[in-house]
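Coordinate inspection notes
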Amino acid sequence: MDSPRYRFAPSPTGFFHVGGARTALYNWALVQRTGGTFVLRIEDTDESRNSPEWTQGIIDALAWLGIDSSSPRFEGPYFQSANAGLHRDAAMGLFEEGKAYWCDLTAEQVQARAKETGGQGYDGHSRDRGLGPGPGHVLRFRVPEGMTVVDDLVRGRVEFQNDTIEDFVLLRGNGSPMFLLANVVDDIEMRITHVVRAEEHLPNTPKQQLLWDALGHAAPVWAHVPVLVNEQRKKLSKRRDKVALEQYRAEGILADAMINYLMTLGWAPAGDTEIVPWERIVGDFRLEDVNHSPAFFDVKKLAAFNGDHVRMMSPEAFIEASQPFLQGDVPWAHERFDAGTFARVAPLIQTRIGALSEIPAMVDFFFLADPPSDPDAWTKTMSSDFAADALDAMSAGLAACPWDAESVKAVLEAFTDARGLKLGKTQAPVRVAVTGRTVGPPLFESIQILGRDESMRRITAARARID
RNA sequence: GCUCCCAUCGUCUAGUGGCCUAGGACACCACCCUCUCAAGGUGGCGGCACGGGUUCGAAUCCCGUUGGGAGUGCCA
């Protein structure tokens, strides 16, 4: 028995859709499990959607998801447009066998006829007119009588009465092949055994199966997985919804988190936790277990998954993953950045991060010449009756204490106790003086890392502003 | 309109006739921990769309209703 051949056949539309990502992942998981092959085919039949950089974008996105185009399990990319000759040959073969026929009606005429008769779609007008090819003539498939049964791995048995399927177009008036034809011919040509794709293709499937039959081949195993929807329960759309994989990547969503989350949409790993490594997914994933109903793509839950994966990283891995967010568009002057400082802070912020893009705002005060200014934070913390005294106490204490977080803390504690206050209160003005913000990494560790001179300078400067 | 698909907490799901007083996760709330914010811990809120069958027994099987969704192109 030959090893299974799965395929992923996106049309290049400029960015990579999260729904496509999930479909690709499903295919990839199956390929890994069964020792099969992942075939990438770019469906560029429509000439308007054809651009080399988009193809590269797809390959990059797949690579990010762990679908490595240099893997021996990976085949492609193939381009549908390159097979146009094959598609036409297949169509002509069908015509010669009487399984397809030419029709001279334009799309408008088809519509007009349907309206007239109260019917819908194409009515088979040219079925027996014996037309030959000609300018503007389209080749239509002669849908046979009877019933078409689609055996679907996730849906089960789905029946279609053939008389509800119109004689669809194979070749356009200009001779170019239509998607349905191209798709089937390519799948046959590439010896595809499993077609795993989104549910929106299910209504097309009987037509494709009919084509497989007519072309003399046994249909592949079908599997239609539910679509991803937005909060309104509508199919995710690039117009309204945030669907570009690249965008999530740019915001600091980890690939592992995205992969893990996407896999739990329509499916769940066994056990009490959904946070699982890819190896577990490969071992457990089965199409038969995939849910039948659409799943809401919940960005909040994605963020939660991301937080979990961020926390699972080793400190080294976290520092490594942070790099892109410390270099590009950052609030500080690049030459002020210090990798050693960041390495010391990293563990302190790792539990405080949702997406990696939140990192700069959490560490900026280390690399800015002066702490960021936030009027609200300032008035809120500096207007208390103990703020000035707290800063004075810190100035005095920090000048002489041993330089470690515990000692720094002891200085503030001494002041706090003497005033009968709480550390939670008194730390606020100090925090704003040093970091510019009311929230952030642990204060005393931050002061230790910032250094005695700079910390005291900031505290003194803040104290001066109060009067 | 027509064809097809679907229906368990707000959301993602577990559940394949008795183990279900329906389990977990996200979100939300409370408490604990605590130098802020997180993280972590503990607890709470909350669901089998409805109506009929079948069965000793239905979230699980069947039928209907209702409600969602997808498709309906000389797009892919």
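As shown above, the structure is provided for reference.
A brief structural summary.

The relative placement of two aromatic rings is captured by the distance of their centres and the angle of their planes. Counting across every chain of the model gives 17 aromatic pairs. Relative to Phe297, the ring of Tyr248 lies with its centre 5.7 Å away and its plane at 65°, an arrangement referred to as edge-to-face. Here the residue Tyr248 occupies a position in helix α7 (residues 245-250), and Phe297 occupies one in the loop between β12 (295-296) and α10 (299-312), the gap between them amounting to 49 residues. You'll find Tyr248 and Phe297 in the same group, each marked buried. On the basis of an interplanar angle of 50° and a centroid distance of 6.3 Å, the ring pair of Phe366 and Phe367 is categorised as tilted. The buried category is assigned to Phe366, whose relative accessible area is 7%. We classify Phe367 as buried; its relative accessible area is 1%. Pairwise contacts between aromatic rings join Trp332, Phe337, Phe342, Phe365, Phe366 and Phe367 into one cluster.

A word on the pattern of salt bridges. Under the criterion given, the structure shown has 24 salt bridges. Of the charged contacts in the structure, one is a salt bridge between Asp308 and Arg311, with a shortest N-O distance of 3.0 Å. Placement of both Asp308 and Arg311 in helix α10 is noted, with a separation of three residues, approximately one turn of the helix. Residue class for Asp308 comes out partly exposed when judged on its relative accessible area of 31%. Judged by relative accessible area, Arg311 falls into the partly exposed class, the value being 41%. Of the charged contacts, one joins Arg463 and Asp392 as a salt bridge, the two residues approaching to 2.9 Å between their closest N and O atoms. Of this pair, Arg463 sits in helix α19 (residues 452-466) while Asp392 sits in helix α15 (residues 387-400), and the two are 71 residues apart along the sequence. Three or more residues joined by partner-sharing salt bridges are found here, namely Arg7, Arg41, Glu43, Asp186 and Asp187.

This brings us to the protein's contact with RNA strand B. Contacts to RNA strand B come from 63 residues, most closely from Gln120, Arg172, Arg233, Gly266 and Arg352. Here RNA strand B approaches the protein such that, of its atoms within 4 Å, sugar and phosphate make up 70%. A distance of 3.2 Å separates a sugar or linking oxygen of RNA strand B from a polar atom in the backbone of Glu43. Those elements that place two or more of their residues in the surface near RNA strand B are β7 (156-161), β12, α10, α17 (423-435) and α18 (443-450). Classifying every residue of the surface near RNA strand B gives 22 nonpolar, 20 polar and 21 charged.

How each quantity is defined
- Residues numbered from 1 in each chain as written.
- Chains lettered and ligands numbered in written order.
- Predicted model: local features only at pLDDT ≥ 70, side-chain atom pairs only at ≥ 80, totals over all residues.
- Heavy atoms only, no water.
- Phe/Tyr/Trp six-rings, centres within 6.5 Å; stacked < 30°, edge-to-face > 60°.
- Helix = DSSP H or I, 4+ residues; strand = E, 2+ residues; numbered from the N terminus.
- Buried < 20%, exposed > 50% of the residue type's maximum accessible area, 1.4 Å probe, protein only.
- Salt bridge = Lys/Arg side-chain N within 4 Å of Asp/Glu carboxyl O.
- Near = heavy atom within 4 Å.
- Polar contact = N/O pair within 3.5 Å; in protein donor to acceptor, adjacent residues only side chain to side chain.
- Nonpolar A, V, L, I, M, F, W, Y, C, P; charged D, E, K, R; others polar.

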